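Here's the letter readout for the chains.
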Amino acid sequence: MDLRQLEYFVAVAEERNFTRAAERVHISQSGVSARVRGLEKELGAELFDRSARTVTLTAAGEAALAHARAALAAADALGRAVGEVTGLVRGRLALGMVVGCTLTPLFDALAAFHEAHPGVEVLLREDDSDRLVEAVRAGTLDLALVGTPAPPPEGLEALALLSERLVAAVPPGHPLAALPRVTLRDLAAHPVVCMPPGTGLRAVFDRACADADVRPAITLQAGAGDAIADLAARGLAVAVLSESMAAPHGGRLTARLIEDARDPALLALVWKNTRDPAVRAFLAHGRRAFDTQAPTP
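Summary of the structure given here. (Residues numbered from 1 in each chain as written. Predicted model: local features only at pLDDT ≥ 70, side-chain atom pairs only at ≥ 80, totals over all residues. Heavy atoms only, no water.)

This paragraph deals with the overall build of the protein chain. When helices and strands are tallied, the protein chain shows 11 helices and 12 strands. Seen along its three principal axes, the alpha-carbon backbone of the protein chain occupies a region of about 70 × 50 × 30 Å. Considering the protein chain as a whole, with its 297 residues, one finds that 43% of them fall into the buried category. Taking the contacts inside the protein chain whose residues are at least 6 apart along the sequence as the reference set, 71% of them involve residues at least 24 apart. A total accessible area of about 14,700 Å² is found for the protein chain, and carbon and sulfur atoms account for 53% of it. Each charge class in the protein chain was averaged separately, 31 positive and 36 negative side chains, and the resulting centres sit 1 Å apart. (Helix = DSSP H or I, 4+ residues; strand = E, 2+ residues; numbered from the N terminus. Buried < 20%, exposed > 50% of the residue type's maximum accessible area, 1.4 Å probe, protein only. Contact = heavy atoms within 4.5 Å. Areas by Shrake-Rupley, 256 points an atom, 1.4 Å probe, with all protein chains shown as cover. Lys, Arg positive; Asp, Glu negative; His and termini not counted. Charge placed at Lys NZ, Arg CZ, Asp CG, Glu CD.)

Here Glu-46 shows up in the loop between helix H3 (29-43) and strand S1 (48-49). A sequence separation of 178 residues divides Glu-46 from Ala-224, and the C-alpha atoms of the two residues are 40 Å apart. With near-sequence residues (within four places) excluded, Glu-46 lies in contact with Arg-37, Glu-40, Thr-58, Ala-60 and Gly-61.

In this section: unusual backbone geometry. We note that Arg-16 has phi near 60°; this positive angle belongs to a residue other than glycine. Of note, Arg-16 is situated in the loop between helix H1 (3-15) and helix H2 (18-25). A positive phi angle is found at His-26, which is not glycine, with a value near 65°. Relative to the helices and strands, His-26 is located in the loop between H2 and H3. Accessibility expressed as a relative area gives 52% for His-26, which makes it exposed.

To continue, consider the nonpolar core. The biggest cluster of nonpolar side chains holds 34 residues, and the ones touching the most others in it are Leu-166, Leu-184, Leu-187, Phe-205, Val-240 and Ile-258. For this core, the elements supplying multiple residues, two or more each, are strand S7 (166-170), helix H7 (184-187), strand S8 (191-194), helix H8 (200-211), helix H9 (225-233) and strand S10 (238-242). If near-sequence neighbours (up to four positions away) are discounted, Val-240 is found in contact with Leu-166, Val-167, Leu-187, Val-192, Val-193, Cys-194, Leu-201, Phe-205, Ile-228 and Ile-258. Listed in part, the 24 residues of the second largest apolar core include Val-98, Val-120, Leu-269 and Leu-283. (Core = buried A, V, L, I, M, F, W, Y, C linked by side-chain atoms within 4.5 Å.)

A separate point is the pattern of salt bridges. Enumeration over the complete set of coordinates arrives at 17 salt bridges. Put simply, Glu-7 and Arg-4 hold a salt bridge, and the shortest N to O gap is 2.7 Å. With a gap of 3 residues between them, Glu-7 and Arg-4 both fall in helix H1, about one helical turn apart. Overall, Glu-7 belongs to the buried group, its relative accessible area being 12%. Given the relative accessible area of 41%, Arg-4 is considered partly exposed. Its salt-bridge partner being Arg-131, residue Asp-127 comes within 2.7 Å of it at the nearest N-O pair. Residues participating in the shared-partner salt-bridge network are Glu-14, Glu-15, Arg-20, Arg-24 and Arg-69. (Salt bridge = Lys/Arg side-chain N within 4 Å of Asp/Glu carboxyl O.)

The geometry of helix H5 (residues 104-116) relative to helix H11 (residues 277-290) is characterised by a closest axis approach of 8 Å and an angle of 135° between their N-to-C directions. Relative to H11, H5 is oriented oblique. As for how H5 packs across H11, the hand of that crossing is right-handed. For the pair H5 and H11, the contacting residues are Pro-105, Leu-106, Asp-108, Ala-109, Leu-110, Ala-112, Phe-113 and Ala-116 in the first and Ala-278, Ala-281, Phe-282, His-285, Gly-286, Ala-289 and Phe-290 in the second. Classifying every residue of the contact of H5 with H11 by side-chain character gives 12 nonpolar, 2 polar and 1 charged. (Axes fitted to C-alpha atoms, helices over the stretch in contact; angles between N-to-C directions. Parallel < 35°, antiparallel > 145°, perpendicular 65-115°, else oblique. Left-handed = near helix turned anticlockwise from the far one by under 90°. Nonpolar A, V, L, I, M, F, W, Y, C, P; charged D, E, K, R; others polar.)

Moving on, we get to the sheet that holds strand S4 (residues 120-127). Taking strand neighbours across the sheet as the criterion, the 5 strands line up as S4-S3-S5-S12-S6 in an open arrangement whose pairing is mixed. Of all the strands in the sheet, just S4 and strand S6 (157-164) have a single pairing partner and so form its edges. Sheet twist, expressed as the mean angle between neighbouring strand axes with direction ignored, is 25°. Relative to strand S5 (residues 143-149), helix H6 (residues 129-138) is tilted by about 130°, and along the sheet it contacts strand S3 (91-98), S4, S5 and strand S12 (265-271). (Pairing = 2+ DSSP bridges.)

See the structure below:
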C-alpha cells in the first residue's frame, strides 16, 4: 500500500467518477483504475460499486475513507513540519478558482509563489463557488478564490479582494437604459441572464430578490461574465453582473446599479488551515498582488 493508491482512492470517492478523479490527480483514467484495483486486491475487498453510472463507496470503502484521508493528512503534515524547521516550504498547494476567473493579480500571485517556492507542487481546480467552499471545509483544497455574499462563509478565514454592487446591464435603446435608477421590480419586467446557482453573484442576487419579494424570470444562465454580457448585448435578456464584470463592456452595454440590491458580492480567498506554511506563503503573495492590507493569519 502506498500514498498514491490512497490519494487516488480518495479522489474517486470524492468525485464519484474515475474520469474526473483522473483529471484531478493529473494521470490517465486507466492509471487511476489500476492503482485503485491494486489497493482493493491488497485489502481483499472492493471499495467501490461500479455497477451504476455514478461510482459509490461500498461498506468497505466507507470504512476505509476516513483512514485514507487521515494517512494522507499525516504524510502531508510530516513534510510541512520538516519544512517549518528548515525554513523551506515544500509539499503541495491545492488551490480552487471560481469558473471563468480572469483576474490577472491571481495569476501574478501564482507565478510569484511558484518562483519563490519551487518545491511546492501547485494544483489548480476550477469549479462553482459553493463546491469550492465545501472542498476547503473538507480539506481537499487548501485555498479557493470564490464569489460569495457578505459576510464570507462561516467557519473559514477569508481575504476579501473585491467588494462590488450588482448592476443591470442592457444595450442602448433598452427601456432600462433610459431610467435614472433601476430596482429589482424594474428588472422583473424583463427576462434576465445571470450566473447559475452555486456562484457567489447568483447567491447575492437571489437573496436580494427574496428580501424584496421579487421573482424575476431568469431565462438564461452562463458561467462567465463575458458570455452574460454577450447575450445581453444581443437583446436576449438583461444582464445581472458585478460592477467590474460590466465595466469592459461599456461600449455596448449601459450599466445601472440595482438600487435595492444593496449587499455587495465579494470575491475572496478562503482557507481553513492557518498553520500551513504553504497557505501562509501564498496569502502573502496574494496580498501583494492585490495590494490588500489584511491581517496575517
